[in-house]
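Fold and contact review
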Amino acid sequence: MKAPAAALAALMAMSLPGGVRASETSVSSTNVMDEADKVAPTDEEGKRKPGFVVLPIPLSNPALGSGLVVAGVSFYQPEGSPRPWMTGAGVLWTDNGSRGGGVFQKAYLGGDKYRVTGFAGGANLNLNFYGIGADDAGRDFSIPINQNGRVVKIDGFRKVWENTYVGLRLRMATITTSLRFDGDVPDVFEGLALEQESDIGGPGLLAQYDTRDSELWPATGSYANLQAQWDLDSFGSDYGYDKQELSYNRYMSVTDSAVLAVRGSVCRAGDGTPFFDLCLFGASNDLRGYESGQYRDRALAAVQAEYRWRFTPRWGAVFLPASAASRRPSATWPIR
């Protein structure tokens, strides 16, 4: 299964902030739609026919354990659309007790001049909290928490140049964090507001540059993605903060069955960012294998290279050396 190109932690968690995106390393709403597009029925001329598919997608990662996403996707191609529209729904289950569900819509308008994606859903995830910054993560000591989130997100893009789209985002979410143990919080976490219910919401700016030959198994081309999000009290947010994420991916074919993929990414979270929306390692394809949320900070950067080898039509392997850096935040968490 291909990892997502972007920000839920699973189909349900992809659109949720930070910690609630814990399963993002394995499958996302974008991933589900891409996989669905691959198996969509076609007619003799190669045009997508109306149809419906069910996709069982296994997942396994250090944050959530092992489990399954099951998605149902309906295809239909309105007159004049160069690509099929997709409407779908999915559910998430993992063996650590995490659950989720969501619905999504993907549409292409004006001959693919405009692209619109919508998602609404929620997830109840059992996670581990290590603290903030490299020092806290390096202690390898965590406490179990539960994060229950609900989110609505709409992205709209307009084509401005060849292979280049810019757009706007509206995101609204409610995140409830609670402890999964009885007794006092360990001294190393004293003063941190770990149990809280928070509303966040606001607009975002988006930009994408995509010359990949394939979304599912790119062998050549580049993919760049910029996201800038503002959460504002005028949109009902309990926190006022900003966050920016930039990533660049380059794909180079080595043989017919092997690809070298290079990725660089940076993330910055402004003053006042709640802990669940800080920058994370282990999410959005950054440093596969890290437990998402163990390394969280106000600013993170990662560079990695992957050698991807497909040894059968349905099976492959990834070899990954990587490096990264994080910055300790200059302020403590917001206390509520």
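Residues numbered from 1 in each chain as written. Predicted model: local features only at pLDDT ≥ 70, side-chain atom pairs only at ≥ 80, totals over all residues. Heavy atoms only, no water.

Side note on the overall build of the protein
Applied cut-off: A helix here means a DSSP run of H or I that spans at least four residues, while a strand means a run of E at least two residues long, and both kinds are numbered starting from the N terminus. Relative accessibility thresholds used throughout: buried, under 20% of the residue-type maximum; exposed, over 50%; partly exposed, between the two (1.4 Å probe, protein chains only). In this description, accessible areas are obtained by the Shrake-Rupley approach with a 1.4 Å probe, and a residue is regarded as covered only by the protein chains that are shown.
Helix and strand counts for the protein come out as two helices and 16 strands. When each of the 336 residues of the protein is scored for burial, the buried share is 50%. Of the roughly 14800 Å² of accessible surface on the protein, a fraction of 56% belongs to carbon and sulfur atoms.

Thoughts on the pairing of strand E5 (residues 114-129)
Convention followed: Two strands pair under a simple rule: DSSP has to find at least two bridges between them.
Taken together, the eleven bridges between strand E4 (residues 99-109) and E5 define a ladder with antiparallel strand orientation. When the bridges of E5 are listed, Gly-101 appears paired with Gly-122. Taken together, E4 and the strand that follows it, E5, pair antiparallel across an intervening segment of four residues, in which Gly-110 is found at a positive phi of about 60°. Relative to strand E6 (residues 143-161), E5 runs antiparallel, the two being bridged by 16 bridges. Directly across from Asn-124, in E6, lies its bridge partner Asn-148.

Regarding the state of the cysteines
How we decide: To count as a disulfide, a pair of cysteine sulfur atoms needs to be within 2.5 Å.
For the structure shown, the criterion picks out one disulfide. With its sulfur 2.0 Å from that of its partner, Cys-267 forms a disulfide with Cys-279. Given an S-S torsion of about -80°, the disulfide between Cys-267 and Cys-279 has left-handed geometry. Taken together, the residues Cys-267 in strand E11 (residues 258-269) and Cys-279 in strand E12 (residues 279-280) connect sequence positions twelve residues apart. The two residues Cys-267 and Cys-279 agree in class, both being buried.

Concerning the packing of aromatic side chains
Where we set the bar: Two aromatic rings, drawn from Phe, Tyr or Trp (for Trp, its six-membered ring), form a pair once their centres lie within 6.5 Å of each other, and the interplanar angle then sorts them: stacked below 30 degrees, edge-to-face above 60, tilted otherwise.
Applying the stated criterion across every chain, the model contains five aromatic pairs. Relative to Phe-276, the ring of Tyr-239 lies with its centre 6.4 Å away and its plane at 80°, an arrangement referred to as edge-to-face. Separated by 37 residues along the polypeptide, Tyr-239 in the loop between strand E9 (221-231) and strand E10 (241-255) and Phe-276 in the loop between E11 and E12 bring together distant segments of the chain. With relative accessibility at 5%, the residue Tyr-239 sits in the buried group. These aromatic residues form a ring-pair network of at least three members: Phe-129, Tyr-239, Phe-275 and Phe-276.

A few points about the side chain of Thr-94
Formally: We define a polar contact as two N or O atoms separated by no more than 3.5 Å, with the added condition that, inside protein, one atom must be a possible hydrogen donor and the other a possible acceptor, whereas residues neighbouring each other in sequence contribute only through side-chain atom pairs. Contact between two residues is taken to exist if any of their heavy atoms lie within 4.5 Å; hydrogens are not considered.
For Thr-94, the location among the structural elements is in strand E3 (residues 85-94). Within the structure, Thr-94 has its side chain in polar contact with the backbone oxygen of Leu-64 (distance 3.2 Å). In this view, Thr-94 contacts Leu-59, Leu-64, Ser-66, Gly-67 and Arg-99; residues no more than four positions away in its chain are not counted.

A closer look at the environment of Ser-142
Positionally, Ser-142 belongs in the loop between helix H2 (134-138) and E6. Sequence spacing of Ser-142 and Phe-129 is 13 residues, and the spatial spacing of their C-alpha atoms is 5.2 Å. Aside from chain neighbours lying at most four places away, what touches Ser-142 is Asn-128, Phe-129 and Tyr-130.

Section: the confidence of the model for the protein
Which entries qualify depends on this criterion: For every residue, the predictor assigns a confidence score, pLDDT, that lies between 0 and 100.
Averaged over every residue, the pLDDT of the protein is 81; the share at 70 or more is 77%. Every residue in residues 1-15 scores below 50 in pLDDT, and together they form 88 contacts with partners more than four places removed in sequence or on other chains. Per-residue pLDDT stays below 50 along residues 22-32; that stretch engages in 60 contacts with residues further than four places along the chain or on separate chains.

Topic: the pattern of salt bridges
Formally: One side-chain nitrogen of Lys or Arg within 4 Å of one carboxyl oxygen of Asp or Glu is enough to make a salt bridge.
For the structure shown, the criterion picks out twelve salt bridges. The residue Lys-159 makes a salt bridge to Glu-162 at a minimum N-O spacing of 3.8 Å. Linking Asp-271 and Arg-298 is a salt bridge whose minimum nitrogen-to-oxygen distance equals 2.8 Å. Here Asp-271, found in the loop between E11 and E12, pairs with Arg-298, found in the loop between strand E13 (296-297) and strand E14 (299-310); they are 27 residues apart in sequence, far enough to count as distant. Under the relative-accessibility criterion, Asp-271 is labelled exposed at 52%. Through salt bridges that share partners, Arg-171, Asp-231, Lys-243 and Asp-277 make up one connected network.

As for a nonpolar patch on the surface
What counts is decided by this rule: Patches draw on residues past 30% relative accessible area with no salt bridge. Two like charges within 9 Å are joined, as are two nonpolar side chains (Val, Leu, Ile, Met, Phe, Trp, Tyr) within 5 Å.
A cluster of nonpolar side chains, contributed by Leu-109, Tyr-114, Val-116, Val-152, Ile-154, Leu-168, Leu-170, Met-172, Leu-205, Trp-230, Leu-232 and Phe-235, occupies part of the molecular surface with about 960 Å² of accessible area. For the nonpolar patch, the secondary-structure elements that each account for two or more residues are E5, E6 and strand E7 (164-179). The biggest single contributor to the nonpolar patch is E7, with three residues. Considering the arrangement of structural elements, one finds Val-152 in strand E6.

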